[in-house]
Amino acid sequence: MSEYIPKKDREFVAKRANYCCEYCQMPQRFSLFAFHVDHITSLKHGGKTELSNLAFACGFCNGNKGTDLGTFLLNELAIIRFFNPRVDNWNLHFEIVDAVIYGKPQIGEATIKIFQFNEIERVLERKLLAGGGYI
Ligand SMILES: [Zn+2]
């Protein structure tokens, strides 16, 4: 579901994120495609189009997330919510080791599972950028 987001709000969201995906941390300047403004809590689930519910996201993260809010992890009976860049600290939920992003229980794990941070192409892209000193 989409909703019009004013250009000034899109620009604010991008600048607030330092023009990097707030989920996987990929800088937009290395992407061939424009990044998206994501509704953290999707409109489908009652989220509003307001700055406190918007995140700057690459196409991979936004597309994999869709309107989802969380997922089940192995051996868990409750749904674990995804990382929320407006309230969560990225470094408390993830770490990058040799271009692979590891999730710290359980929000990080749930986010990585659905957003697919570690698809081989995405890991290779991070390795190339890190090797060149770009990230
Ligand atoms: Zn991303």
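Above this text you will find the structure in question.
Computed from a prediction, not measured in an experiment: that's the story for all the values here.

### A closer look at the coordination of the zinc ion
Piece 1. Here the zinc ion is held by Cys 21 (SG), Cys 24 (SG), Cys 58 (SG) and Cys 61 (SG), and the distances to it run 2.3 to 2.4 Å.
Piece 2. Each donor residue of the zinc ion belongs to the same chain, and together they define the spacing C-x2-C-x33-C-x2-C. A single burial state applies to Cys 58 and to Cys 61, both of which are buried.

### Observations concerning helix α1 (residues 7-16)
Side chains of residues three or four places apart in an α-helix project in the same direction, reflecting 3.6 residues per turn.
Piece 1. Along α1, the positions that sit buried rather than exposed are Asp 9, Val 13 and Ala 14. Down the axis, α1 shows its buried residues gathered within 135° of arc, on one side only. Of the exposed residues in α1, those oriented more than 90 degrees away from the buried face are Lys 7, Lys 8 and Lys 15.
Piece 2. Buried residues in α1 make contact with β1 (36-39) and β2 (54-57).

### What to know about unusual backbone geometry
Piece 1. The omega angle of the peptide bond from Pro 105 to Gln 106 is -20°, so this bond is cis rather than trans.
Piece 2. Relative to the assigned elements, Gln 106 resides in the loop between β6 (100-103) and α4 (107-115).
Piece 3. If you check the backbone angles, Ala 99 has positive phi at about 75° while not being a glycine.
Piece 4. Mapping Ala 99 onto the fold places it in the loop between β5 (94-97) and β6.
Piece 5. Even without a glycine there, the phi angle at Gln 116 is positive, about 55°.

### Overview of the pattern of salt bridges
Pairs can form between side chains of opposite charge whenever their charged atoms are close.
Piece 1. By the definition in use, this model includes six salt bridges.
Piece 2. Among the ionic pairs, Arg 86 bridges to Glu 22, the shortest N-O distance being 2.6 Å. In this pair, Arg 86 sits in the loop between β4 (80-81) and α3 (90-93) while Glu 22 sits in the loop between α1 and β1, placing the two residues 64 residues apart along the sequence.

### Remarks on the nonpolar core
Piece 1. Of all hydrophobic cores here, the largest spans 31 residues; its most connected members are Cys 21, Tyr 23, Cys 24, Cys 61 and Phe 117.
Piece 2. Where this core is concerned, the elements lending two or more residues are α1, β2 and α4.
Piece 3. Broken down by element, this core gets its largest block of residues, five residues, from α4.
Piece 4. When neighbours within four sequence positions are excluded, Cys 24 is seen to be in contact with Cys 58, Cys 61, Ile 101, Phe 117 and Arg 122.

### Side note on the environment of Phe 60
Piece 1. Its place among the elements puts Phe 60 in helix α2 (residues 59-65).
Piece 2. Along the backbone, Phe 60 and Asp 88 are 28 residues apart, and their C-alpha atoms lie at a distance of 20 Å.
Piece 3. Setting aside residues up to four positions removed in sequence, Phe 60 forms contacts with Phe 115 and Arg 122.

### Concerning the packing of aromatic side chains
Piece 1. Applying the stated criterion across every chain, the model contains seven aromatic pairs.
Piece 2. Residues Phe 35 and Phe 56 carry aromatic rings whose centres are separated by 5.5 Å and whose planes lie at 45° to one another, so their mutual orientation is tilted. With Phe 35 in the loop between α1 and β1 and Phe 56 in strand β2, this residue pair connects regions lying 21 residues apart in the sequence.
Piece 3. For Phe 35, a relative accessible area of 10% corresponds to the buried category.
Piece 4. Residue class for Phe 56 comes out buried when judged on its relative accessible area of 4%.
Piece 5. With centroids separated by 5.0 Å and ring planes inclined at 80°, the aromatic side chains of Phe 82 and Phe 115 adopt a geometry described as edge-to-face. Of the two residues, Phe 82 is situated in the loop between β4 and α3 and Phe 115 in helix α4; the sequence distance between them amounts to 33 residues.
Piece 6. Taking the relative accessible area as the measure of exposure, Phe 115 reaches 0% and is therefore buried.
Piece 7. Within the aromatic cluster, the residues linked to one another by ring pairs are Tyr 23, Phe 82, Phe 83, Trp 90, Phe 94, Phe 115 and Phe 117.

How each quantity is defined
Residues numbered from 1 in each chain as written. Predicted model: local features only at pLDDT ≥ 70, side-chain atom pairs only at ≥ 80, totals over all residues. Heavy atoms only, no water. Donors = N, O, S within 2.8 Å, 3.2 Å for Na, K, Ca; no water. Buried < 20%, exposed > 50% of the residue type's maximum accessible area, 1.4 Å probe, protein only. Helix = DSSP H or I, 4+ residues; strand = E, 2+ residues; numbered from the N terminus. Arc of directions from axis to C-beta. Contact = heavy atoms within 4.5 Å. Salt bridge = Lys/Arg side-chain N within 4 Å of Asp/Glu carboxyl O. Core = buried A, V, L, I, M, F, W, Y, C linked by side-chain atoms within 4.5 Å. Phe/Tyr/Trp six-rings, centres within 6.5 Å; stacked < 30°, edge-to-face > 60°.

These results come straight from atomic positions and should not be treated as a statement about function.
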